[in-house]
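Geometric and topological summary
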Amino acid sequence: MTTFVELGVDQDIVDALSAKGIVDAFPIQEQTIPLGLPGQDIIGQAKTGTGKTFGFGIPVVQRLGLDPAPGVKALIVVPTRELAVQVYEDMDMLTSNRSTSVVAIYGGKAYEGQIDQLKAGAQIVVGTPGRLIDLNNQRLLDLSNATEVVLDEADKMLDLGFLADIEKIFSKVPAVRHTQLFSATMPGPIVALARRFMTNPIHMRASDPDEGLTQANIKHLVYRAHSLDKDEVIARILQAEGRGKTVIFTRTKRAAQKLVDELNDRGFNAGAVHGDMSQEARERSMAGFKAGKKDVLIATDVAARGIDVNDVTHVINHTIPDDEKTYLHRAGRTGRAGKTGIAVTFVDWEDLHKWALINRALEFGQPEPVETYSSSPHLYSDLDIPAGTKGRIAKAPKTETVRVPRTERAADAAEDGAREGGTRRRRRRSNAAKVGTSFAEGAEPAVPEGKGTDSADRADDGAGTHDGAGSEHHDGKPAPARRRRRRRRGTGSGAPTGA
DNA sequence: AAAAAAC
């Protein structure tokens, strides 16, 4: 571990960090700060929750120096309002021992306060594109001296929904500037596009490219949601012991609202964040969640990126995301700053192709979602994809990846994959083929209703209690239908539901 | 196609 002092960070910034208990630099910070300080353009890529914000933020603050001249000298652009608030708070912390002033500029809020701060001479602006351009058009935000420019969640900022705005913003800042782009995901085509806005950028990756994309601290569990009462199952997960805060993602704003109402009706203390809410209500939810007044947050993908909340132990994908990038960012709300987390994904029947895509892109090596979630609290042993291993199941034998093979062929292939660590490419191809097969089976449920066994479990579960060992039964019968083996696990699985 | 992002 390197300290910030050793990286050449100014003492007042070091003091601000250590006041928050932050002394050692994370790898992405060790790599980018020494380059960012002298003004090197950087594309910084590091996994979720590994400290990218300080990776660009510290150089920005330090490069502005102690120049008291008012006016915007640094611009940090982010994709959502909540992220603007968060990055603003980080920058405000970094500048707490110097006079540099920071302002957050984003929509859904009164203009007045933001304009006042700009007029008062704010030097660092953190904002979302719409309001930034709005105020720039009104000549209330002068970007002509913003020689420090950062795109956070850069791949998102450069995708179609934002690109026109970003081009507009780049046309307003000086041509000679220091430009930093950061994200956990940086697809090749986006990197190529990004170079248009940069000068000889260095692409820094904080991890071995061969390591894969997934965060090693996060365990991924994937369940088929066909004919599953997801609300019920999610409620049960929320009752599991050993749970801290949980973020639940839905595909639509309506689904998010419906779920938060449902969960609150069931007595949970949940909040929502989505684009149909007033900004005030969004921020109330976020603040309540961060402060621990609510321990469940239901969100659309507005909260998929960047949001950093301590002690989120679970991410639940009520609906599977569209692509692997979104999957990675959503899951990355847990397992941050060295902590561990669990990502649970429910795959609806019509979304099997999305799972196939994500499974292949993230190299989970899991041909299909496991059998329907059984409603028992012992879910954590059902499927255990060793993250950060490129899905090389063989490399984690003690993990005992067990699933219910849908066909003999699937079983054979799974064993094949488990045995031969060196055949990743071949296995991946065969996995892809298998997923294709299961998807192509069309009208027939890929897991036949034979999982009625699980339906039975569900019915039993209505009683509310379970014996701790998953291998045991619910109703006196041995668990015959429970075809998968279960493994006792310390957290969450060993305890009664506590319903 | 949804979500996000200005009023």
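Parameters and conventions
- Residues numbered from 1 in each chain as written.
- Chains lettered and ligands numbered in written order.
- Predicted model: local features only at pLDDT ≥ 70, side-chain atom pairs only at ≥ 80, totals over all residues.
- Heavy atoms only, no water.
- Near = heavy atom within 4 Å.
- Polar contact = N/O pair within 3.5 Å; in protein donor to acceptor, adjacent residues only side chain to side chain.
- Helix = DSSP H or I, 4+ residues; strand = E, 2+ residues; numbered from the N terminus.
- Nonpolar A, V, L, I, M, F, W, Y, C, P; charged D, E, K, R; others polar.
- Buried < 20%, exposed > 50% of the residue type's maximum accessible area, 1.4 Å probe, protein only.
- Contact = heavy atoms within 4.5 Å.
- Expected span 1.5 Å × (residues − 1).
- UniProt positions renumbered as here; feature names shortened; annotations may be inferred.

**Let's talk about the protein's contact with DNA strand B**
Surveying the vicinity of DNA strand B reveals 23 residues, the closest of which are Arg 131, Lys 253, Gly 275, Arg 282 and Asp 322. Protein-proximal atoms of DNA strand B, defined as those within 4 Å of the protein, fall in sugar or phosphate at a share of 80%. Within the side chain of Arg 81, an N or O atom sits 3.0 Å from a phosphate oxygen of DNA strand B. A distance of 3.3 Å separates a phosphate oxygen of DNA strand B from a polar backbone atom of Gly 130. Mapped by element, the contributors of at least two residues to the surface near DNA strand B are α6 (129-137) and α8 (160-170). Classifying every residue of the surface near DNA strand B gives 4 nonpolar, 10 polar and 9 charged.

**A short note on the environment of Thr 147**
Looking at the element boundaries, Thr 147 is found in the loop between α6 and β7 (148-152). For Thr 147, a relative accessible area of 35% puts it in the partly exposed group. When the C-alpha positions of Thr 147 and Pro 79 are compared, they lie 20 Å apart, and in sequence the two are 68 residues distant. Residues in contact with Thr 147, not counting those within four places in the same chain, are Lys 73, Pro 174, Val 176, Arg 177 and His 178.

**Digging into helix α12 (residues 279-291)**
Over its 13 residues, α12 extends 18 Å from the first C-alpha to the last, a length consistent with the 18 Å expected when each residue adds 1.5 Å. Listed in full, the buried residues belonging to α12 are Gln 279, Ala 281, Arg 282, Ser 285, Met 286, Gly 288 and Phe 289. Check the buried side of α12 and you find it contacts α4 (81-94), β11 (245-249), β12 (270-273), β13 (296-299) and β14 (312-317). Directly beyond the C-terminal end of α12, a positive phi value near 85° is found at Gly 292.

**Some words on the UniProt feature "domain: Helicase ATP-binding" (unreviewed entry) in chain A**
With numbering aligned to this structure, UniProt lists the feature "domain: Helicase ATP-binding" (unreviewed entry) at residues 33-204. The span residues 33-204 carries 41% helix and 17% strand; its end-to-end C-alpha distance comes to 11 Å.

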